[in-house]
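# Observations on chain architecture
Now for the letters of each chain:
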Amino acid sequence: MMMKQRIGKLVFLIGLIWFSPFLQGQESGVFNFKNVGPTRGGRVTTVRGVTSQTNVYYMGASGGGVWKTTDYGQSWKNISDGYFATGSIGAIAVDQRYPDTLYVGTGSEAIRSNVITGKGIYKSTNGGKTWKFAGLRNAGQIGAIEIDPSDSKIVYAAVMGQAFGRSEERGLYKSKDGGKNWHKVLYLSDSVGCVDVELAPGNPEIIYAAMWRAERKPWTIISGDTTGGVFRSVDRGETWQKVKNGLPRGLIGKIDFAVSSAKPERVWAIIQAPEGEEGVYKSDDFGESWERISLPDKVAKSWMYRPYYFHNLDVNPQNPDNIYSGTKQSYTSRDGGKTWKKITFPHADHHDLWINPKDSLLMIEGSDGGAAVSRDGGKSWSTLFNQPTAELYQVEVDDRYPFWLYAGQQDNSSIMVPVRKPYESVADHNHEPLINDLVYWKVVGGCETGPVVPKPGDPNIVYTNCKGRFGVYDHRTGQERQYYIGAESLYGHNPKDLTYRFQRVTPLHVSPHDANVVYYGSQFLHKTTDAGKNWEQISPDLTAFKPDFQVRSGGPISEDISGEEYYSTLYAIQESPVNPGVIWTGANDGPFYLSRDGGKSWKEVTPPDLPEGGRVQNIEASPHKAGKAYYAVYRYLLNDWQPYLYKTEDFGITWERLTTGDNGIPSNYPVRVVREDPNQEGLLYAGTEFGLFISFDDGKKWYAFQQNLPVTPITDIKIKRNQLALSTMGRSFWHLNDIAVLSQLSPDATDQTQLFTPKNSFGENINVFFSLSKEDKKKSIQAIFKRGNTVLHQKRLDIDTAEKKEKEGNPVKRLLKTVWDLRYYFPNGEKDVRGPKVAPGLYEVILQVGDREYRKSFEYKINPNLTASGITEDDLMQQELLNVKVAKMRLEVKNAIKKLEVKIKNGKKPKKINAWQQMLEQLQKGKRRYDEPRLYDHIDYLYEMLTAAPQSPGKDAYERYEYLETEWESIRKNID
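- Per an unreviewed UniProt entry, the protein carries the name Sortilin N-terminal domain-containing protein and comes from Agaribacillus aureus.

## Notes on the overall build of the protein
- Regarding its fold elements, the protein presents 7 helices and 65 strands.
- In terms of C-alpha radius of gyration, the protein reaches 32 Å, essentially the compact-globule figure of 30 Å for 976 residues.
- Expressed along its principal axes, the backbone C-alpha trace of the protein runs to roughly 105 × 75 × 60 Å.
- Across the protein, every contact between residues at least 6 apart in sequence was considered, and the portion connecting residues at least 24 apart equals 57%.
- Here the protein displays about 38000 Å² of accessible surface, and carbon together with sulfur accounts for 48% of that area.
- Here the protein contributes 124 positively and 119 negatively charged side chains, and the mean placements of these two sets differ by 5 Å.

## Thoughts on helix α7 (residues 955-975)
- Here α7 spans 31 Å end to end across 21 residues, near enough to the 30 Å set by a 1.5 Å rise per residue.
- Contacts from the buried residues of α7 go to α4 (873-906), α5 (910-923) and α6 (935-946).

## Details of the side chain of K759
- One can find K759 in the loop between β57 (754-755) and β58 (766-771).
- There is no salt bridge for the buried K759, and the closest opposite charge comes from E764, which lies 4.5 Å off by N-O distance.
- Only 2.6 Å separates the side chain of K759 from the backbone oxygen of N737, close enough to count as a polar contact.

## Digging into the UniProt feature "domain: Sortilin N-terminal" (unreviewed entry) in the protein
- Annotation from UniProt places "domain: Sortilin N-terminal" (unreviewed entry) at residues 66-186.
- For residues 66-186, the end-to-end C-alpha separation is 28 Å, with 0% helix and 38% strand making up the annotated structure.

## Side note on the sheet that holds strand β6 (residues 77-78)
- The strand order across the open sheet built from 4 strands is β3-β4-β5-β6, with neighbouring strands paired in antiparallel fashion. The open sheet terminates on both sides in strands that have one partner only, identified here as β3 (44-49) and β6.
- Where strand β5 (residues 65-69) lies against β6, 2 bridges are found, and the strand directions are antiparallel. Bridging from a neighbouring strand, W67 pairs with N78 of β6.

## Thoughts on the side chain of S124
- With respect to the helices and strands, S124 occurs in strand β9 (residues 121-124).
- A polar contact of 2.9 Å, which involves the side chain of S124, links it to the side chain of N126.
- At 2.8 Å, the side chain of S124 and the backbone nitrogen of G128 are in polar contact.
- Not counting chain neighbours up to four residues away, the residues in contact with S124 comprise D100, T101, L102, K129, T130 and W131.

## Concerning the nonpolar core
- Ranked by internal contacts, the top residues of the largest apolar core, which has 51 residues, are W820, V893, L923 and W968.
- Of the residues forming this core, the biggest block, 11 residues, is contributed by α4.
- If we ignore the near neighbours within four places in the chain, the residues touching V893 are L923, L935, Y936, I939 and W968.
- Core analysis: the next-biggest nonpolar cluster, separate from the first, contains 34 residues, A110, V195, Y208 and Y281 among them.

## A short note on α6
- A rise of 1.5 Å per residue sets the reference length of α6, with its 12 residues, at 16 Å; its end C-alpha atoms lie 17 Å apart and thus fit the reference within 8%.
- For α6, the complete set of buried residues consists of L935, Y936, I939, L942, Y943 and L946. Across the axial projection of α6, the buried residues extend over an arc of 130 degrees, all falling on one side. Residues of α6 that are exposed and point over 90 degrees away from its buried face: Y941 and E944.
- Buried residues in α6 make contact with β63 (833-837), α4, α5 and α7.

Reading the values: the criteria
Residues numbered from 1 in each chain as written. Predicted model: local features only at pLDDT ≥ 70, side-chain atom pairs only at ≥ 80, totals over all residues. Heavy atoms only, no water. Helix = DSSP H or I, 4+ residues; strand = E, 2+ residues; numbered from the N terminus. Rg over C-alpha atoms; globule rule 2.2 N^0.38 Å. Contact = heavy atoms within 4.5 Å. Areas by Shrake-Rupley, 256 points an atom, 1.4 Å probe, with all protein chains shown as cover. Lys, Arg positive; Asp, Glu negative; His and termini not counted. Charge placed at Lys NZ, Arg CZ, Asp CG, Glu CD. Expected span 1.5 Å × (residues − 1). Buried < 20%, exposed > 50% of the residue type's maximum accessible area, 1.4 Å probe, protein only. Salt bridge = Lys/Arg side-chain N within 4 Å of Asp/Glu carboxyl O. Polar contact = N/O pair within 3.5 Å; in protein donor to acceptor, adjacent residues only side chain to side chain. UniProt positions renumbered as here; feature names shortened; annotations may be inferred. Pairing = 2+ DSSP bridges. Core = buried A, V, L, I, M, F, W, Y, C linked by side-chain atoms within 4.5 Å. Arc of directions from axis to C-beta.

Encoded structure:
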């Protein structure tokens, strides 16, 4: 009997929008992306635990959403996917009286240039199983949330506001009805927000609020002014007074508070201020007056390392003299700040710490490397390698089978991971899934910024970048050769004084025509043909380079000059795959340039309607036409959240904007990357700040293509062998193994039956995509797989005929899918039996719809790794032929065993029963482990050997088959 497959609701691509203006990322359908890691944690800026449930903790990632552990950090589960409009998390609050009640403020307060905006507050009343939006959608970044311990309906939210511009939403908010309504209770200006709020333990009338002037620009970071500082209320936030007694009276920057229930009148604060006034302050009178704590020089320098970014202070709830603070390095004091001891968290760049108020040995720490739980006061910690929250700047792919993905992981190193396991590892036989994946990862030179680009045709070589420093990594030696252009130290400069202005994420592009040609961008375009030993500058300054933006980054208190704010640098480079020497560039301050003669001459081709100053994040030189290119520009660093995606088809003479705000991509979804499918001109994929989109008509209309992806920025897209690879800023790499059908879809084809040509395979499963008209869904549907005249597999498909709501004619939503695993299926009563794998060759799929047939051919190609090892297609065909014989014999013997067992059970004549029993004992072994094997066991043993790997069968296999077949024939006669 043929196999039967149910194609129901989960196989239709159902609605992607959840009655809200953001992509949900929880739909499942014919396309399911796979997260391929790394599970090496990314930045976590807020953590919390449950006092009464010592095994339960929460972490909020800067781009990866909210995660929960119920086993002390041994495993984590995302609990925000499908509910939150952004993956950026700024604050988590747990109502310790009713610990299933949670509030999450989105928008991380660690405002690096890659910070992701918030989208308000969310509330759960069932421990994070479900969430409801709870207001303040335009708050931007939220630094803290506090719940009144005496009245759970009273909640405070410290709203920093938009990181990249002024916003009236800045200030401290209060809700008296559990988040249904919010009222601003403290406001200074549209440039000064609230970054922290604390309630005095045991006396919620007294509230401390930290007001901070903070704003990012592409060229600088502003932290501090004279209006911010420490504010105090003694009437639950109805009135406020700025506290000056003992605190810095002039410039004041970021502030973080800490209070301990062991001494309610004491409040600690770490304060960014000018030299001599910065550091740790203490008040023992509920914040009325303060004193500055004298710190050792190394501690003070560490804490003021990057105060706008990491600036955290915590106190032991059981010991008010035991304080913790950290930035790149972390320290603790047990005597109220008189002496300090360096402590080691699992990763550098500390952001948050929560200590259980009832047991100070229990704590959770958040850092740039993820979240970790300690049960012994910080002596040991749970792993950071179980969190798929990596922030990746790009994705590159190599030529291996399967291919590997490469990127720089923010706050870690470069990394390469396979899209699927390439071979068995030493960890595969252990029940350690995290280690099983980790053993395949590898650092490949460069550093956290990337890019790291494998050399086409030679994956042993990787071209690398680390913050403007070029290198060449060689897998054979495990070493990286360094060839810095100009060899000039880049930190600490006014960019106008640099010979070469390199951004941290320096663009690196390998020519599609010659893998020895590498382009690298400062304000100039550089070219090497000998792996960096010699560089040629092939352009003038290709940036806007406006003097007003050439400044030392930072101020008015602290500088921060790491290259991240170097404005007027190249940020994207692409050479046309169609025509050598056609080179497109884009700068992080706006201009587009084009050379059509390999860099001898250049022309600015910036679209006239593009506002100045935006970052050209990505260029896609069309793989179909030399004069065609796409530019993705984002201006959210200038507080402009519109998507800017442009296309030219005439070498930049004219441009068309592909994101109008009403053609599919929302008007507040900045676009980071666009790619054109190499197999179908005009089929585009766009990665935005909040998800993935697709266009079938060269950008005229866009459709959500989120599928099961989480809501997080898509930083890069690569298309390889009809597969899609994505990098994200907070959820690691994602891989879609088959997109061949997308190049065959048409938005105009609506209610019609179609069978689409499957993707050729190198041994992976065959995905068969099809669509059915409304009438055909009611008919009998079968899928048949053949080679020549031989039917290899046949199955009936049950189609869900329930009406689906189609939205905006998305052609993807029409698709249905069935899968063949390239194996024989032998008819065997009610259920077919899975047999051996077929050999490479040409195959056909037939879709029978009622009395009509639709046919498509595809090829199963031999894996190049097998060819390289000396295995041929003929070897695999010989293996298939022998495997089929053994598999059929195995099935016959198994059926004979079942038949004899039935006869014995139902038999009535002892003599016959005894004869059948003797036959059965010839076919199968007894029930004890070390009973002597019989015929079926010997056949199964041979089959296991033959199917272990693709290979040519050995002589012994043929001889053993002949012997076993003779034995079976002799027994079968008696059974029949």
